[in-house]
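Chains, contacts and geometry: an overview
The chain contents come next:
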6 protein chains.
Amino acid sequence: MATVTLLTDEQLAPEAAAVFADIRATRGTDYINNFWRALAHDPALLARTWSQLKVVMGPGRLAPQVKEMIYLAVSIAHGCDYCIHSHTAAARAKGMGEAELMELMAIVGMAAQTNRMVAGLGVPVDEAFKR
Amino acid sequence: MATVTLLTDEQLAPEAAAVFADIRATRGTDYINNFWRALAHDPALLARTWSQLKVVMGPGRLAPQVKEMIYLAVSIAHGCDYCIHSHTAAARAKGMGEAELMELMAIVGMAAQTNRMVAGLGVPVDEAFKR
Amino acid sequence: MATVTLLTDEQLAPEAAAVFADIRATRGTDYINNFWRALAHDPALLARTWSQLKVVMGPGRLAPQVKEMIYLAVSIAHGCDYCIHSHTAAARAKGMGEAELMELMAIVGMAAQTNRMVAGLGVPVDEAFKR
Amino acid sequence: MATVTLLTDEQLAPEAAAVFADIRATRGTDYINNFWRALAHDPALLARTWSQLKVVMGPGRLAPQVKEMIYLAVSIAHGCDYCIHSHTAAARAKGMGEAELMELMAIVGMAAQTNRMVAGLGVPVDEAFKR
Amino acid sequence: MATVTLLTDEQLAPEAAAVFADIRATRGTDYINNFWRALAHDPALLARTWSQLKVVMGPGRLAPQVKEMIYLAVSIAHGCDYCIHSHTAAARAKGMGEAELMELMAIVGMAAQTNRMVAGLGVPVDEAFKR
Amino acid sequence: MATVTLLTDEQLAPEAAAVFADIRATRGTDYINNFWRALAHDPALLARTWSQLKVVMGPGRLAPQVKEMIYLAVSIAHGCDYCIHSHTAAARAKGMGEAELMELMAIVGMAAQTNRMVAGLGVPVDEAFKR
């Protein structure tokens, strides 16, 4: 139900094809998921988004599985169905098992519950929490 | 700017006082933050919320710092100012440094960006991501 | 911290003054809250919004207090601080006591929790729920 | 399109089976909706969520139909399709007719509209609304 | 997957039929989209919503295409799939091409990213931005 | 109420100072707003975010004022107070007057209202809107 068509490899502009080649090389798979095929309508936007994602999700202080779980938690809070599916798959590929997934779900649900109670009661930030 | 008053220790019903005692014992500090003082208007709700939180954020598969960072990520996505402050403080108390905080911020921002692009383009879920 | 000034009675265009007069007559109080003073920069928008609100929150199938509590629940879910404060006050004026307020908070929190779990697990709608 | 499988009765751990039995007894129907079948992957989370829901949605100050309508309003504000469907069905089962449903929709829409205007104009909370 | 049925022309109350006639005349097409068919269960709500929409989206300071793109941006931020599809179609009908659509997507994504970073870092509003 | 300190020019790492110099040159003003001072804790994230923003908000198909209004509309939908203030100021600097601001507000409010009604009624996407 996309609002734009999903481009096939044959329909790509050269700049978009170069990004697809880098995605394939970086991930070690020939599969390109739908998000990139939709974004390929604007090769410059595709290139900026992919290069930024590579840096943000690349090596850092946090473990790759932890990074994916944070990405997934945000996607759940935003109610983005596509993102939930793709980042659940990515987190599983990086080692997340069913037990960790359910633990994540419990935390996300707990946060949602207390977030709304705090908003509804208008709780002021404790001085102890300020920098 | 609370919509209810924040109860002092002297104003607590006995059931609420018992919960406060358990919070103090569990956390090893005398400090009770404003959220619990607002919730204390309904001792049963206070007790349910605290006992649930203790289980969800207690020992499990994920490290305590990771759990707090997931909680924080959801609070940011919900735009809950109080929750952002309290869980940033909690994550710091469990070992999160400035570098990890900024790495979290980069992931949360990246997720927000791609979440909205995916929604706007109506990208359908890849068959490869379904269970 | 408004992005527009809050207009005083002296600064109103005649069409805005007429709306203020109707708000005062309808509510039986001289007090005009800040929302209307901000909206008064566009008298036509002010008039449309007020006349729509009068109908929506006026007599109907649901009791006035219930209507205000539904309004409040949405405002909490949206994290709108101003709206939470004004509709908590309005619901109290229509009979909501502290016990009902805390019961509302428990429902809103519970809904937030299960809403996120459902999204995160990608639960498909039961056939039994469809029309 | 679930990210986890929906467990059948045959696949349940004993603790999960006990919760299903209680859901059936409490609701007086054999039907178990998909949410619980997804949550059953973590019997402890299933048990906590169900026991909390029973208390929150059980007898209190607010009428059962009102409680369901507040739950529904939050689900609409969160854009949770599954929750909207299940709680519309639940509210109907507790007496909500088409007229009340449309009245709810008008309130939820009105709240969304003014919530966004208030945010956009940065309207400060009236002193009169503070506790 | 509607929670109400979509009314056909034959099922309309006279007041709803009059609104449908006005939609057809205003838009110069016989096609009535699903939103109005759902809303038709409450002819008064249908009439209020349509008359408000006609004014808001009618002639003003902003160009029709710009108005539709702002409407679309909000719908993306809310994750409303139906609204994204209908307002993408409407914006295209008013002149938006693929390049403008992708430019919109880049802005919406950028705004989402910085919005979350700002929330997460608790950045205070600059004095320079206040009125 | 920031969760990190806002860095002064004296506290900047060389890479962050270089970004600040580019912001000043690009905008033709010495003033650096709080968002960049918070982000400066991570010079690489600061540099990526600024360079991306320069491209996204730079010359394109859409007029600068229109771009800022789309940015503002998303910020309102997200309830990001800081972003609302900074992008209202930016849109004004690019020519938005009070009349356009109020027209934007009417559209954002209208979109919020219909978005929630659509979600609540579970309206299915018309075939006519699909690509």
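Not measured: the values here are computed from a predicted model. (Residues numbered from 1 in each chain as written. Chains lettered and ligands numbered in written order. Predicted model: local features only at pLDDT ≥ 70, side-chain atom pairs only at ≥ 80, totals over all residues.)

This next bit is on the interface of chain A and chain B. Listed as interface residues are 57 residues of chain A and, on the opposing side, 57 residues of chain B. Secondary structure elements with two or more residues in the side of chain A that touches chain B: α2 (34–39), α3 (43–57), α4 (64–78), α5 (81–93) and α6 (98–121) of chain A. Top contributing element to the side of chain A that touches chain B by residue count: α6(A), with 16 residues. Here the side of chain A that touches chain B is built from residues that sort into 38 nonpolar, twelve polar and seven charged. (Contact = placed C-beta atoms within 7 Å. Helix = DSSP H or I, 4+ residues; strand = E, 2+ residues; numbered from the N terminus. Nonpolar A, V, L, I, M, F, W, Y, C, P; charged D, E, K, R; others polar.)

On to the relation of the copies chain A and chain C, then. The operation relating chain A to chain C is a screw motion whose rotation component is 180°, with 0.0 Å of axial translation and a residual RMSD of 0.0 Å. Within this description, the copies of the chain are treated as partners about a two-fold rotation axis. (Least-squares fit on C-alpha atoms with pLDDT ≥ 70 in both.)

For the rest of this paragraph, the subject is the packing of α4(A) against helix α6 (residues 98–121) of chain B. Where α4(A) meets α6(B), the axes come as close as 9 Å, and the angle between the chain directions of the two elements is 45°. In terms of orientation, α4(A) lies oblique with respect to α6(B). For the pair α4(A) and α6(B), the crossing hand works out as right-handed. Together, A:Lys67, A:Ile70, A:Tyr71, A:Val74, A:Ser75 and A:His78 of α4(A) and B:Leu104, B:Ile107, B:Val108, B:Ala111, B:Ala112 and B:Asn115 of α6(B) make up the contact between the two elements. For the contact of α4(A) with α6(B), the class distribution of residues is eight nonpolar, three polar and one charged. (Axes fitted to C-alpha atoms, helices over the stretch in contact; angles between N-to-C directions. Parallel < 35°, antiparallel > 145°, perpendicular 65-115°, else oblique. Left-handed = near helix turned anticlockwise from the far one by under 90°.)

As a further point, take the interface of chain A and chain C. Taken together, the contact pairs 19 residues of chain A with 19 residues of chain C. Elements with a contribution of two residues or more to the side of chain A that touches chain C: α4, α5 and α6 of chain A. No other element matches α6(A), which puts twelve residues into the side of chain A that touches chain C. Residue composition of the side of chain A that touches chain C, grouped by class: ten nonpolar, seven polar and two charged.

The two chain copies are connected by a rotation around an axis plus a translation along it. Once chain A is rotated about the relating axis by 180° and shifted along it by 0.0 Å, it coincides with chain B to within an RMSD of 0.0 Å. Mapped onto chain B, 100% of the interface residues of chain A are again interface residues, and the two copies thus contact each other with one and the same surface.

Mapping A:Phe35 onto the fold places it in helix α2. Of the residues examined, A:Phe35 has 20 C-beta atoms within 10 Å and is grouped as buried. Separated by 35 residues in sequence, A:Phe35 and A:Ile70 place their C-alpha atoms 19 Å apart. Ignoring any residue separated from it by four or fewer positions in sequence, one finds A:Phe35 in contact with B:Val118 and B:Val123. (Buried ≥ 20, exposed ≤ 12 C-beta atoms within 10 Å, placed from the backbone.)

Residues and elements named next belong to chain B. Mapped onto the elements of the fold, Asp-22 is located in helix α1 (residues 14–27). Overall, Asp-22 belongs to the partly exposed group, with 14 C-beta atoms counted inside 10 Å. C-alpha separation for the pair Asp-22 and Ala-119, spaced 97 residues apart in sequence, amounts to 44 Å.

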